[in-house]
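# Secondary and tertiary structure notes
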Amino acid sequence: MLVSVYELFWWDRLWLPGNLTWADLEDKEGRVYAKASHLYATIPFTVGFLLIRFIFERWIATPLALMAGVKRRIRVQTEDNPILEHYYSRQSRQPSQADLTGLCKKSGLSVRQVERWFRRRRRMDQPGVLRKFTEACWRFFFYLLAFGGGILAVYDKEWFYDTKEVWTGFPKQSMLDSQYWYYILEMSFYCSLLLSVAFDIKRKDFREQIIHHCATLVLLSFSWCVNYIRVGTLVMLVHDASDVLLESAKLFNYAKWETTCKSLFVLFAIVFMLTRLVIFPFWLIHCTWVYPPHYYPPFFGYYFFNVMLLILQALHLFWAYLILRMVHKFVFGKLTKDERSDNEAEEEFSPEEEEEEEGEEEGHYNGVVQGKSQNGCSELLPPPHRHCPSKTVY
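Quick summary incoming for the structure in this document. (Residues numbered from 1 in each chain as written. Predicted model: local features only at pLDDT ≥ 70, side-chain atom pairs only at ≥ 80, totals over all residues. Heavy atoms only, no water.)

Attention shifts here to empty space enclosed by the protein. This model, assessed by the stated rule, comprises 5 cavities of 30 Å³ or more. Lining the second largest cavity are Glu186, Tyr190, His212, Thr216, Leu219, Leu220, Val235, Met236, His239 and Leu312. Elements with a minimum of two residues in the lining of the second largest cavity: helix H9 (177-196), helix H10 (206-225) and helix H11 (229-254). By residue number, the principal contributor to the lining of the second largest cavity is H10, which donates 4 residues. Here the lining of the second largest cavity is composed, by residue class, of 6 nonpolar, 3 polar and 1 charged. (1 Å grid on protein atoms, 1.4 Å probe; cavity = no way out; pocket = protein on both sides within 12 Å on 5 of 7 lines; lining within 4 Å. Points joined across faces, edges and corners; volume = space filled by probe spheres on them. Helix = DSSP H or I, 4+ residues; strand = E, 2+ residues; numbered from the N terminus. Nonpolar A, V, L, I, M, F, W, Y, C, P; charged D, E, K, R; others polar.)

On to the side chain of Thr163. Residue placement: Thr163 occurs in the loop between helix H8 (158-161) and H9. Ignoring sequence-local partners within four residues, the contact set of Thr163 consists of Trp283, Cys287 and Tyr291. (Contact = heavy atoms within 4.5 Å.)

Quick look at the nonpolar core now. Core analysis: the largest hydrophobic core is formed by 85 residues, its most contacted members being Trp167, Trp224, Tyr228 and Phe280. The element that contributes the greatest number of residues to this core is H11, accounting for 14 residues. Excluding its chain neighbours within four sequence positions, the residues that come into contact with Tyr228 are Trp167, Phe170, Tyr183, Phe222, Ser223, Tyr296, Phe299, Tyr302 and Phe305. Of all hydrophobic cores here, the second largest spans 9 residues; its members include Leu84, Leu100, Val114 and Phe118. (Core = buried A, V, L, I, M, F, W, Y, C linked by side-chain atoms within 4.5 Å. Buried < 20%, exposed > 50% of the residue type's maximum accessible area, 1.4 Å probe, protein only.)

It is worth spelling out the environment of Lys262 at this point. With respect to the helices and strands, the residue Lys262 is situated in helix H12 (residues 258-290). It is 8.9 Å that separates the C-alpha atoms of Lys262 and Phe252, two residues lying 10 residues apart in sequence.

Our focus in this paragraph is helix H3 (residues 42-67). Taking 1.5 Å of rise per residue, the 26 residues of H3 would be expected to cover 38 Å, and the 35 Å separating its terminal C-alpha atoms lies within 8% of that figure. Of all bends in H3, the biggest is about 40°, found at Glu57. Regarding H3, the residues found buried are Thr42, Thr46, Phe49, Arg53, Phe56, Glu57, Ala61, Thr62, Pro63 and Ala65. Check the buried side of H3 and you find it contacts helix H7 (129-154) and H9. Where H3 terminates, the next one or two residues include Gly69, which has phi positive at roughly 95°. (Expected span 1.5 Å × (residues − 1). Bend = angle between axes of the 7 residues up to and from the residue.)

The next subject is the packing of aromatic side chains. Going through the model one piece at a time under the given rule, you end up with 41 aromatic pairs. Pairing Tyr88 with Trp117 gives two aromatic rings, centres 6.4 Å apart and planes at 80°, and the pair type is edge-to-face. Placement of the pair is Tyr88 in helix H4 (residues 82-90) and Trp117 in helix H6 (residues 111-125), with a sequence separation of 29 residues. Where Tyr180 meets Trp181, the ring centres are 5.2 Å apart and the plane angle is 85°; that geometry is what we call edge-to-face. (Phe/Tyr/Trp six-rings, centres within 6.5 Å; stacked < 30°, edge-to-face > 60°.)

Pasting the structure below:
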């Protein structure tokens with residue numbers, strides 16, 4: 001049974017044009033072709049990316065954030081209350097008025113005390129600016145290197161300037177070392193994003209991001225196996241171009257550099273609209289939809305690849321809508337957060353509640369500072385960023 005499923009999955013007619021078989025893509029005559037077995041290399045690289053990300057965020061991104069003025073939020077811990085915690089985790093983060101009365105009776109607390117407990121508990125679950133900064137810094141670092149590497153991989157290739165050349169000699173197009181590493185590293189990075197999505201900040205476009213990552217991995221895997229590598233490198237390059245600007249704008253937003261953030265956002269919006277709504281559909285999808293039938297009859301893989309590209313384009317339209325909303329706020333109002341992918345459940349407080357919370361956090365901060373360990377080292381920062389003043393008196 002498994003053998004039959006395996007043979008059906010790798011049936012030539014599903015993946016290749018009618019006049020070709022897998023034997024035509026065997027390495028020979030000095031040509032090296034991409035093979036499905038090469039994709040196993042993404043497994044160790046995915047693990048490597050997760051490890052590098054942990055080191056990067058802790059030892060590089062965190063110090064950069066502190067240098068940029070991003071403060072580590074000192075959160076006031078809630079009192080241990082099993083009754084309120086059970087309601088919070090099992091039923092609702094925001095109790096109704098009727099439930100609030102019942103919780104007061106069960107816990108023996110006043111209405112104001114219960115409301116304050118839920119407010120603090122919700123704040124504990126909200127990601128701090130420092131965490132957002134480190135995540136954006138990691139993505140910015142990768143996208144910058146990926147975009148630069150992609151430019152180096154394709155700038156001297158004829159298909160970069162004339163998309164018709166993508167199909168010249170297809171599928172007997174020898175794979176280059178630069179294409180191999182560009183593919184493997186990009187796929188490994190997106191795999192690491194999928195694996196870490198449960199631990200990352202949950203954003204407004206969470207579901208769309210999952211669909212995007214899955215569609216991207218399916219596209220890259222399929223294009224690798226059927227030797228659509230040339231167009232695959234162009235698709236990756238188009239996506240990386242605007243992602244670099246988005247993550248950099250986020251970094252300056254978290255650091256409160258408003259002028260720089262707004263300038264980068266405007267540049268990002270322009271590049272996004274140009275690459276995702278113009279170049280991607282009218283150059284790349286046109287290239288994969290119109291030109292291939294001139295070289296071989298359409299087959300299942302031809303339709304499958306184009307449908308996946310159209311799914312990506314639908315996601316681009318969704319994100320373009322969110323970006324235009326941000327542009328509207330930027331022009332006619334005050335742009336306060338990223339409509340595209342910032343945290344969905346930001347807690348809003350009245351001025352009195354904000355003042356109360358800030359006063360409690362300040363008191364908690366002072367208590368922590370006064371409670372330093374005997375060697376004088378502040379426990380507010382993880383090593384190696386702890387502040388340990390010398391005890392020597394001059």
